[in-house]
Amino acid sequence: MRRRAALAAAAVGFALLAVELGLRMTIGLGDPPLFQADEEIGYLMAPGQEVYRLGNRIAINRFHQRSDEITLEPESGVLRIFFLGDSITFGISAVDQSETYPEIVAETLRRKGRQAEALNASAVSWGIGNERAYVDRFGAFASRIAILQISSSDLLQPTSTAEVVGVSPAYPDKKPLSAIGELLNRYLLPRLADVLGYSAPAREEPVAPEARNARFEANMEEFQRLVDALHRESVQPVVLLMPGLPELLDTPERLDRYVPYRRRFIALARQLSLPVIDIAALWKGDPAVASYYSDGTHLTAEGNHALAQILASFLIEHGFDEAPSDEGASPLAAGGRAPALSRPGHD
């Protein structure tokens, strides 16, 4: 009897060990990218880490960027492009670092004979206020261009805070004890709670028009502070306005609630003489657009490539594809007009 119990226990142990090793080796569970709470910025990706999820590389440098290690200033003749954004810019675990759109933009420019490098300063659920705080702390690393990726939902999103770090399974600040534990705590149990109706309430956008307007106005103040901070460093901001997939589909799920705020945001950006790349205007009607999204918000590798081609073409067409000369004035700083990449009549 005891022998049977011992054999059963051994079999269970070997089975758990096999599952543990399988989850670690095939998916990368047990070794998630870690977050670091920050009183001013909210949170950052913990520096100096390199992990693999689903076989995809995620490397964070000492400045909390999803980029390889950098110098404080670019080498002579190198065009440095500074990308600020949320999880769209960071890229999901199913996308390798080399397949994120910032990396593809830099690689596209290099293939065309330019010396270019991309800095990816982003994190999951960062809002405009988080991005502004990052620039206040670290600056823009002597970049020539700053691509400000702002989603429609960011216009009404509050600035993210440190309270989720180490509390929510999606924002770990230390490695889990096991891959099986991460599978349960981060994925299976939260989904079960959703099904049973016991999930923690998510941060919701304001519902009342007055509250929405107040949130929008607060975010626009943060946006103007961000632009001012970049201008003080002689960096040219370029607005990349990203839609979610439902905004591009003629279905009942289309998110028309963002339309008036997108209009007001674009008007403000143009008032500030900022170039605006409105992806909704370019992707609406594209028969392949559904393949650009993995979940309605985040981009697939195909979506990252499609977006990167738009950005690389924009930079080349508007003269932003070369490293600054010693005189260093950008086309807009020299008095040029801010271009807008969108179709006439589109909101």
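As a reminder, the structure under discussion sits directly above these lines.
I will try to describe carefully the structure that is included in this document. Since we're looking at a predicted model, the values are computed, not measured.

The rules behind these values
- Residues numbered from 1 in each chain as written.
- Predicted model: local features only at pLDDT ≥ 70, side-chain atom pairs only at ≥ 80, totals over all residues.
- Heavy atoms only, no water.
- Buried < 20%, exposed > 50% of the residue type's maximum accessible area, 1.4 Å probe, protein only.
- Helix = DSSP H or I, 4+ residues; strand = E, 2+ residues; numbered from the N terminus.
- Pairing = 2+ DSSP bridges.
- Axes fitted to C-alpha atoms, helices over the stretch in contact; angles between N-to-C directions.
- Parallel < 35°, antiparallel > 145°, perpendicular 65-115°, else oblique.
- Left-handed = near helix turned anticlockwise from the far one by under 90°.
- Contact = heavy atoms within 4.5 Å.
- Nonpolar A, V, L, I, M, F, W, Y, C, P; charged D, E, K, R; others polar.
- Polar contact = N/O pair within 3.5 Å; in protein donor to acceptor, adjacent residues only side chain to side chain.
- Salt bridge = Lys/Arg side-chain N within 4 Å of Asp/Glu carboxyl O.

1. Brief notes about the pairing of strand β4 (residues 56-60)
So, point 1. In terms of residue burial, β4 counts as a mostly covered element, since four of its five residues are buried.
So, point 2. Bridge analysis of strand β3 (residues 49-53) against β4 gives five bridges, and the strand direction is antiparallel. Paired with arginine 53 across the bridge in β4 is asparagine 56.
So, point 3. The antiparallel pairing of β3 with β4 creates a hairpin that spans two residues between the two strands, and leucine 54 there sits at a positive phi of about 55 degrees.

2. Section: the packing of helix α4 (residues 128-138) against helix α6 (residues 209-232)
So, point 1. It is at 9 Å that the axes of α4 and α6 come closest, and there the two elements cross at 25 degrees. Regarding the angle of α4 to α6, the classification is roughly parallel. The two elements α4 and α6 meet at a crossing, and its hand is left-handed. Here α4 contributes Ile128, Gly129, Glu131, Arg132, Val135 and Asp136 to the contact with α6, which in turn contributes Asn219, Met220, Glu222, Phe223, Arg225, Leu226, Ala229, Leu230 and Arg232.
So, point 2. For the contact of α4 with α6, the class distribution of residues is seven nonpolar, two polar and six charged.

3. Topic: the environment of lysine 175
So, point 1. Inspection of the secondary structure assignment puts lysine 175 in the loop between β7 (145-151) and α5 (179-196).
So, point 2. Taking C-alpha positions, lysine 175 is 6.8 Å from proline 32, a pair spaced 143 residues apart along the chain.
So, point 3. The contact partners of lysine 175, leaving out residues within four places of it in the chain, are Gly30, Asp31, Pro32, Leu34 and Val51.
So, point 4. Within polar-contact distance, the side chain of lysine 175 engages the side chain of aspartate 31 at 2.4 Å.

4. Observations regarding the packing of helix α3 (residues 101-111) against helix α10 (residues 301-317)
So, point 1. Their axes nearest at 8 Å, the elements α3 and α10 cross at an angle of 50 degrees. Taken together, the axis directions place α3 and α10 in an arrangement best described as oblique. The chirality of how α3 crosses α10 is right-handed. Facing α3, whose interface residues are Tyr101, Ile104, Val105, Thr108 and Leu109, α10 presents Asn304, His305, Leu307, Ala308, Gln309, Leu311, Ala312, Leu315 and Ile316.
So, point 2. Split by residue class, the contact of α3 with α10 holds 10 nonpolar, four polar and no charged.

5. Thoughts on the pattern of salt bridges
So, point 1. Tallying each qualifying case throughout the model produces 17 salt bridges.
So, point 2. When the shortest N-O distance is used, the salt bridge between arginine 137 and aspartate 38 registers 2.9 Å. Of this pair, arginine 137 sits in helix α4 while aspartate 38 sits in strand β1 (residues 35-38), placing them 99 residues apart in sequence.
So, point 3. Assessed through its relative accessible area of 11%, aspartate 38 is described here as buried.
So, point 4. Note that glutamate 182 and arginine 53 form a salt bridge whose closest N and O atoms lie 2.7 Å from each other. Here arginine 53 lies in strand β3 and glutamate 182 lies in helix α5, a separation of 129 residues in the sequence.
So, point 5. Each of Arg132, Asp136, Glu222 and Arg225 takes part in a single network of salt bridges with overlapping partners.

The quantities given are spatial measurements derived from coordinates; they are silent on function.
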